[in-house]
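Reading the structure
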Amino acid sequence: MTGDPLSALRPWEAPEVTSWGRLPMNAVDRRSGALPLDGDWRFQLLSTPDAPVGGSWSSAYVPGAWTTQGTDDLPQYTNVRMPFPEFPPHSPAANPTGVYEREVDVPAEWAGRRIVLQVGAAESVLLVHVDGRPVGVSKDSHLAAEFDLTHLLAPGSPSTLRLTVVKWSDASHIEDQDQWWHGGLTRSVLLYATEALHLADVTVRAGRYGELRVDCRVRDTGGALPEGWYVSGELEGRLLTQDTGFDRANAEDERVSDFLGEARLTATVPDVRTWNAETPELYGLSVRLHRADGTVADTSRHRVGFRDVEIVGRDLLVNGERIFVRGVNRHDFHPLTGRTVTYEDMRADLVLLKRFGFNAIRTSHYPNDPSVYDLADELGFYVVDEATVESHDHAHEIADDPRYLNAFVDRVSRMALRDKNHPCVIIWSLGNESDYGANHDAAAGWLRRHDPTRPVQYEGAAKLDWAATDDASDLACPMYASLEECVEHALSGRQTRPLIWCEYSHAMGNSNGTLADHWAAIESTPGLQGGFIWEFWDHGILQRVSDARPVGRGGVGLHDNGVAAPGHRWAYGGDFGEPIHDGAFIADGVVFPDRTPKPVMYEHRELAAPVRIECFRHEGIVLGNHQHFRGLDWLSGEWELSLADGGRLTAPAELPDLCPGQTAAVPLPFELPEGGGEAWLTLRVTTARDEPWAPRGTVVCLPQVRLRAAAPARPPLPVPRGRVEVDTDGLLVHPLLTAAPALSLWRAPTDNDELGGMGPRWRAWGLDALVRKVTDVRHRADGRVTVHAEHAAEAGVVRHVQVFTPVEGGIHIEESAELPDAFTDVARVGSVFETIAGLDLMEWYGQGPWESYPDRAFGAPVGHHSVPVDELFTPYLRPQESGGRHGVRHFTLSAPDATGLTVVLDEPRQVGVTRYRAGDLTAVAHHDELVPRAGCVVHIDAAHRGLGTASCGPDTSPSYLVSPGVHRWSWTLRAL
Ligand code: IPT
């Protein structure tokens, strides 16, 4: 690149230079008639932007990151810290630079037309040349750049288009998001043609009373605008009216700037079907630019959603309604291609989110692929659209650095110019984790002036004082603030603006404790309106284990069960040999890298239930509609009565006709059968017809109510029958068990345990290596055996007593454990044992069927569940405690020939059945390294610590901790 004028400017070290030769961002739809340039391009990877081009060419696929396409420059994951030591605005001398080249020959019918190149996205600096001539420069890795190539391309004489992408730059310092670093042309490249006279931009505003305003910007690259041009618009057969007053006002400006080339169209649509996330009604709009003779010079098509967004007091309103924001943070991610996503992938993301009750997306931490917004308009999501500004590692220096002022405003304004016509976008976000400075105020000022129809948010500003009224944020949008703190603020009388977490409930590994507590508070506390879970994806990149390379585009190896195919694994930080990385912190989503939902998704689905059982009263079951805009007619229901003794009855449910917020009683569908025992009534709610995001019959929620409680919790002690065998160590000998029931206080630390500090503490206390010493074994005359043991750990001694009573067909085991005060907070207190091989099916009565833990058990209904043992375990990327089931009353583990064992618990308990000991899980770093045991490892817990979210955010709430003192539990083991 030496000698080239663009390179000579060294734009990669010039933060003031955000672009050169780039066209203004606009929202005109240019898809139809475009010439796609996607496919294989000639490619060279230089070691620095100054290196000469001239080596041998290989090829690279566009769109795509070269980091996943076989080059030696591999993905690198860092969270806060920059991957290189240079201070802003500098970049390292070793700076991978991709040179992409191809010939372009434009169609004959483009002769004489204006020709525009659109590059969807380039990380992080793009330099454009045609036939060696410099054309332009652009920055912002997540927005398209357009360049006018009219005078450089001509039909019939192919030209060489070169796109040079410099990976590291001044811009990298404001693209320091918590994600993989890649390099390349990560979105599509295309050419399109217009006439010299063209629509330069179209701005649509459509309100909930049917008022429509379309502002058009018209330009003529040939020079002054021709006499007599005009625009017309048509909204589903209705012609829009030219706002002549607006034209005249413009004409008056002639004295200063000639005719401005602006025109306004208006309409009022009676009985408009408004847009909201529940009923995302869209209207088709065509905007045409005409020459004086009426012929059409240019056209742009749009989809219009009529809706209002406003903040009134401390409420965010959509169409006048105080909505709840059930959001998730979404990155553009794919396990094969890194940052390049297809339309089908994006659709699959959003469809899945709809099916699990999400209604909002924050496009963390940059404008997502344009199709995300089309899909959000269509499927119904509220979007917080975030600009590509994150200067995390150097946040303080950059926020006020005037050299970056231009970049902040450029990125924020170009995002808004691109996305302004999407009804889904209800809030603009200035970016993420960049401290707060004058550069933010400048960007917020631009937005507020340019688009007064939407609020602006910026966490970095609002966090200084949630109640401030004069900063760059219209909302308080904290990240990971505790529920208590948020509730207190909402009740304090000081709240001035809506509070919606921009990030909360960090989904790293086995996590998302207390989501239900959050929603109980949100739904009952004026001033709280929801938040965005961190985050949608576990960003594991599919990697071959043999050579530690990314599999890349077109690769196979994606299953649909969360697990990478044999010989592969989901790579996280460090797995590509990066010396600087942040490990598994990149795996913190509610879905696995193959989009398999993690158990938290079911928790969320239930919390978002559109129809709920409010209570059970003498007049029947009270149902409520918890939506904001929709009736219940799109749902169907089925009642299911589930009895502890195994009985199960079903009946069709008639859902009442309820407006949002209304409740009504419906009669109890069943006569409760005589006899004792628990009885639970579930309403299985499914889609009544095909929805754009779910076929008819898709489960929407499973609200539940207990109709009858269990018999008294403590039954009389069983009368001994037969005998129990224990060995000289006082350990139970049983033909179905390969390891006798022993005390367990330990779990393989979850990511929350580890990063929150409990994992290291438990190891320091010695909980992972209890030393058991039998102190007394007493055989009673009636057949009972009592075993006293002491478990010595660093921090103290735990006394454990087991009383084995032989009973009809099995053994009743009563246990107690006394934890010294030093054990302020342990993982669990319970028994662990191992079974013979071949018991491959677990059936239970309790919560399920998916994994649940004490503080993540709202969405797992009580019932009879049956799951193969191999499928009980959740394959979190870094192995950890997993597979638990909450509230289990009794369970069986059986072989195909129906032999096996059954366990009846004294009360609903946390039970874990997997193929792994806790030590097996802590010994490895990736799921593929685990070797399943033939038998089952079974945990029965008297107490189990909640999951919390301590990997980023509040630790397990005190009500879900395991306290010291005496714990008692009992259970009966029988052979089947
Ligand atoms: C917050 C970031 O905004 C997000 O990108 C991600 O890193 C998340 O945390 C944790 O996974 S920033 C954190 C310092 C609160």
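Residues numbered from 1 in each chain as written. Predicted model: local features only at pLDDT ≥ 70, side-chain atom pairs only at ≥ 80, totals over all residues. Heavy atoms only, no water.

This part is about helix H7 (residues 405-419). Taking 1.5 Å of rise per residue, 15 residues should cover 21 Å, and H7 covers 22 Å from first to last C-alpha, within 8% of that figure. Within H7, 13 of the 15 residues are buried, leaving the element largely enclosed by the surrounding structure. (Helix = DSSP H or I, 4+ residues; strand = E, 2+ residues; numbered from the N terminus. Expected span 1.5 Å × (residues − 1). Buried < 20%, exposed > 50% of the residue type's maximum accessible area, 1.4 Å probe, protein only.)

Quick look at the nonpolar core now. Generally speaking, a soluble globular protein has its nonpolar side chains buried in company with each other. Ranked by internal contacts, the top residues of the largest apolar core, which has 137 residues, are Leu-430, Val-590, Ile-621 and Trp-639. With 6 residues, H7 is the single largest residue contributor to this core. Apart from the residues lying within four places of it in its own chain, the contact partners of Ile-621 are Ile-613, Cys-615, Phe-616, Trp-639, Ala-664, Ala-665, Val-666, Leu-668, Leu-681, Val-705 and Leu-707. Of all hydrophobic cores here, the second largest spans 57 residues; its members include Trp-762, Ile-811, Phe-873 and Leu-905. (Core = buried A, V, L, I, M, F, W, Y, C linked by side-chain atoms within 4.5 Å. Contact = heavy atoms within 4.5 Å.)

Look at the link from Val-62 to Pro-63: it is a cis peptide, with omega at 5°. Looking at where Pro-63 falls in the secondary structure, it is placed in the loop between strand E4 (58-62) and strand E5 (64-65). A cis amide bond links Trp-534 with the next residue in sequence, Glu-535, at an omega value of -5°. Unlike most non-glycine residues, Asp-131 shows phi in positive territory, near 50°. Looking at where Asp-131 falls in the secondary structure, it is placed in the loop between strand E9 (125-130) and strand E10 (133-139). Assessed through its relative accessible area of 42%, Asp-131 is described here as partly exposed. Phi angles above zero are rare outside glycine, and Asn-512 is one such case at about 65°.

On to the site of the ligand, then. Within the structure, the ligand sits among 14 residues, and Asp-178, His-365, Asn-432, Glu-503 and His-506 are positioned closest to it. Trp-534 is positioned such that a nitrogen or oxygen atom in its side chain is 3.1 Å from an oxygen atom of the ligand. (Near = heavy atom within 4 Å. Polar contact = N/O pair within 3.5 Å; in protein donor to acceptor, adjacent residues only side chain to side chain.)

In terms of burial, strand E51 (residues 884-894) is a largely internal element, 9 of the 11 residues being buried. In the sheet, strand E49 (residues 841-847) pairs with E51 via 5 bridges, with the strands oriented antiparallel. Bridge pairing in E51 places Tyr-845 opposite His-890. As paired strands, E51 and strand E52 (residues 900-914) are joined by 8 bridges and run antiparallel to one another. Bridging across to E52, Arg-885 finds its partner in Val-911. Where E51 hands over to E52, the hairpin turn is made up of 5 residues, of which Ala-898 adopts a positive phi near 70°. (Pairing = 2+ DSSP bridges.)

By the assigned domains, the protein splits into domain 1 (5-194), domain 2 (208-304), domain 3 (309-517 + 524-539), domain 4 (609-708) and domain 5 (737-947 + 963-975). Placing the centre of domain 3 and that of domain 5 at their C-alpha centroids yields a distance of 41 Å. In this assembly, domain 3 packs against domain 5 so that about 920 Å² is buried in total across both faces, 53% of it on carbon and sulfur atoms. Counting every contact that joins domain 3 to domain 5 gives 0 salt bridges. Linking domain 3 with domain 5 are 8 residue pairs in polar contact (both at pLDDT 80 or more), by the criterion used here. (Domains from an automatic or database assignment. Buried area = accessible area lost by both parts, 1.4 Å probe. Salt bridge = Lys/Arg side-chain N within 4 Å of Asp/Glu carboxyl O.)

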